[in-house]
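These are the residues of each chain, in order.
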Amino acid sequence: MHILHIALGGCLRAPPITYGITPDTGGHIAYVLGAALAQERCPEVDRITIVTRRFSNERLGAVHDQEIEPVSDKITIVRLGAPGGPYCEKEALSAQLPALSYALRRLLARPDYRPDVAHVHFADAASLALSVPKSERIPVVYTPHALGIDKLHSGGAASPALYDRIALETCAIRDTDALIVSTRDEADCQIPRYGVSTARGKTHIISPGVPALNDVDAEHGAGFLKGKLTHPERPLILAIARPVEKKNLATLATLYAQDTALQRKANLVILSGQHTLLHPGTEEAGVVSKLKQMRARYSLDGCFALPSSHSPDDVAGLYRHAAASGGVFVNPARHEPFGLTLLEAASAGLPVIATNQGGPVDILNRLGHGLLVSPDSPDALRLALHRLLDRPELRQHLATAARRAAPLLDWEAYARASIAVYRSLARKKHDLAPRGFATGSGLPLIEPGHAALSGTVI
Ligand SMILES: O=c1ccn([C@@H]2O[C@H](COP(=O)(O)OP(=O)(O)O[C@H]3O[C@H](CO)[C@@H](O)[C@H](O)[C@H]3O)[C@@H](O)[C@H]2O)c(=O)[nH]1
Ligand SMILES: O=P(O)(O)OC[C@H]1O[C@](O)(CO)[C@@H](O)[C@@H]1O
């Protein structure tokens, strides 16, 4: 089987990834790489091509202007587009979609690039795969990651660009052959808002695995914070999220700043992007500057760390250090489509507090390693933090649940279930194809109903 993943946003490259290097370099890249690295271990997979876009930007790395980048024996990244183009955020990508669609069609016309399935990430990637003429089209599987309509519902500013995005998402939901989403909330609440009646029968809920944390211990995390905290022995309240308003980091910082009892109980550490790479005037720069102002205004230098840069080792070390310190991970997002960081915290044995909007509800119901609060109630978050920090037996109970959850967080189950979906689509396509239609490498077919065993079809 030859799998094609398409993801246009952010800085996609062979690991290690610098998450937060741009606002679009976050969870969906962790997802695509985690999925591909697990899928390549399945014996029926011969080859995986990850298609992204080409751009030239020295600050972001010369590799993004390289057409072909090998990741492993079976995985290759292919970049579409002319050499030397500028990097742009996903909101500005729409002007490039016709050229990228053309480049994809040319790639797929090459006999050595005929995949069995295209798994597209975000609706812009879906529009590329759907631009292939119907008679030649390979099955297309769509994973939305984050939906514009939810941005609108959770207070995002209505703009023509957001409405364009919602229109593109509606086409992607309507015209792709299947959807793979991460949670029941996405399937039951987020997708139905688009009013596409056929979505229900083709949506598969398959939980992703946890992005593998680098192999460093808690000591590394403690070392990373050296000199930044006056009482480094205190438990950590840790938050890791891209600096965007919807992640609601300012609410966490404000309630911490206004609660001296909380400051005596625990230190606050917020990892939020690579500050030196942010452009003045952007949403991300605004969020970081608000956090810095909060820290200065309340003189929190010794108990609130806001590191300006970090590596994947630092992220792994901090999760483990927070767990060892008796601390807690907080995701205060106004709405979270899924929430990979809650899985990362679980894999480090760290209890969490998250908000009851979106994916975290499913994740916590399944793993049971934390508490849910409303994003509209800073007081509820404050009380939950005190409750966790004051009650070692509750913390211990949640930490045990986190450790027990680790085996459930494997990407292997995701790989098996996603491949079952791909195969069932290839079989359908094969049944419907005119004589002479070839399904690429000739997939072994599965028994009906097999896909439903591993993922939920709704
Ligand atoms: O400064 C940062 C910020 C994030 N991260 C990492 O980047 C990833 C971010 O994941 P997450 O916070 O879940 O998501 P988003 O970047 O917002 O990604 C989108 O896509 C994800 C995968 O589908 C979903 O889990 C999210 O809900 C959705 O918003 C995680 O591995 C973080 O550890 C960093 O390393 N440093
Ligand atoms: O906030 P939005 O516009 O829904 O975008 C979600 C973001 O999450 C990501 O998936 C993180 O990788 C980005 O690609 C995207 O910018």
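Residues numbered from 1 in each chain as written. Chains lettered and ligands numbered in written order. Predicted model: local features only at pLDDT ≥ 70, side-chain atom pairs only at ≥ 80, totals over all residues. Heavy atoms only, no water.

Asks: Outline the pattern of salt bridges, listing residues and values.
Replies: All told, the structure shown has 18 salt bridges when counted by the stated rule. One salt bridge in this structure joins K90 and E91, with 3.1 Å as the shortest N-O distance. By relative accessible area, E91 is classed as partly exposed at 45%. E336 is the salt-bridge partner of K247, the closest N and O atoms lying 2.9 Å from each other. Remark: E336 occurs in the loop between β12 (328-331) and α12 (340-347) and K247 occurs in the loop between β9 (236-240) and α8 (249-257); sequence separation between them is 89 residues. With relative accessibility at 9%, the residue K247 sits in the buried group. Overall, the relative accessible area of 7% leaves E336 in the buried class. Among the charged side chains, a salt-bridge network with shared partners connects D24, K90 and E91. (Salt bridge = Lys/Arg side-chain N within 4 Å of Asp/Glu carboxyl O. Buried < 20%, exposed > 50% of the residue type's maximum accessible area, 1.4 Å probe, protein only. Helix = DSSP H or I, 4+ residues; strand = E, 2+ residues; numbered from the N terminus.)

Asks: A description of the packing of α8 against helix α14 (residues 378-390) should follow, citing residues and the corresponding values.
Replies: In the contact formed by α8 and α14, the axes pass within 10 Å of each other and the chain directions differ by 65°. Crossing handedness for the pair α8 and α14: right-handed. Contact with α8, carried on its side by T251, L252 and L255, involves P378, L381, R382 and L385 of α14 and no other residues of that element. A breakdown of the residues in the contact of α8 with α14 according to their chemical character gives five nonpolar, one polar and one charged. (Axes fitted to C-alpha atoms, helices over the stretch in contact; angles between N-to-C directions. Left-handed = near helix turned anticlockwise from the far one by under 90°. Contact = heavy atoms within 4.5 Å. Nonpolar A, V, L, I, M, F, W, Y, C, P; charged D, E, K, R; others polar.)

Asks: An account of the site of ligand 2 is needed here, citing residue identities and associated values.
Replies: Around ligand 2, the neighbouring residues are P23, D24, G26, G27, H28, K90, F122, A146, K151, R165, R242 and K246. The side chain of R165 places a nitrogen or oxygen atom 2.7 Å from an oxygen atom of ligand 2. Out of a free accessible area of 390 Å², ligand 2 has 93% covered by protein chains. Here the shell around ligand 2 is composed, by residue class, of three nonpolar, three polar and six charged. (Near = heavy atom within 4 Å. Polar contact = N/O pair within 3.5 Å; in protein donor to acceptor, adjacent residues only side chain to side chain. Areas by Shrake-Rupley, 256 points an atom, 1.4 Å probe, with all protein chains shown as cover.)

Asks: Mind laying out α12, listing which residues take part and the relevant values?
Replies: Counting buried positions over the eight residues of α12 gives seven, a clear majority of the element. Following α12 by one or two positions, G349 adopts a phi angle in the positive range, close to 75°.

Asks: Outline the confidence of the model for the protein chain, listing residues and values.
Replies: Of the residues in the protein chain, 93% have a pLDDT of 70 or more, and the chain-wide mean is 91. Long-range and interchain partners of residues 434-456, a stretch whose pLDDT sits below 50, account for 37 contacts in this model, where long-range means more than four residues apart. Scoring the predicted complex yields pTM 0.88 and, for the interface, ipTM 0.93. (pLDDT = per-residue confidence, 0-100.)

Asks: Provide a residue-level description of the sheet that holds strand β10 (residues 267-271), including the pertinent values.
Replies: With parallel pairing, six strands are arranged side by side in an open sheet as β11-β10-β9-β12-β13-β14. Only two strands of the sheet have a single partner each, and these edge strands are β11 (304-305) and β14 (370-373). Lying over the sheet, α12 contacts β9, β12 and β13 (352-355), oriented at roughly 175° with respect to β12. (Pairing = 2+ DSSP bridges.)

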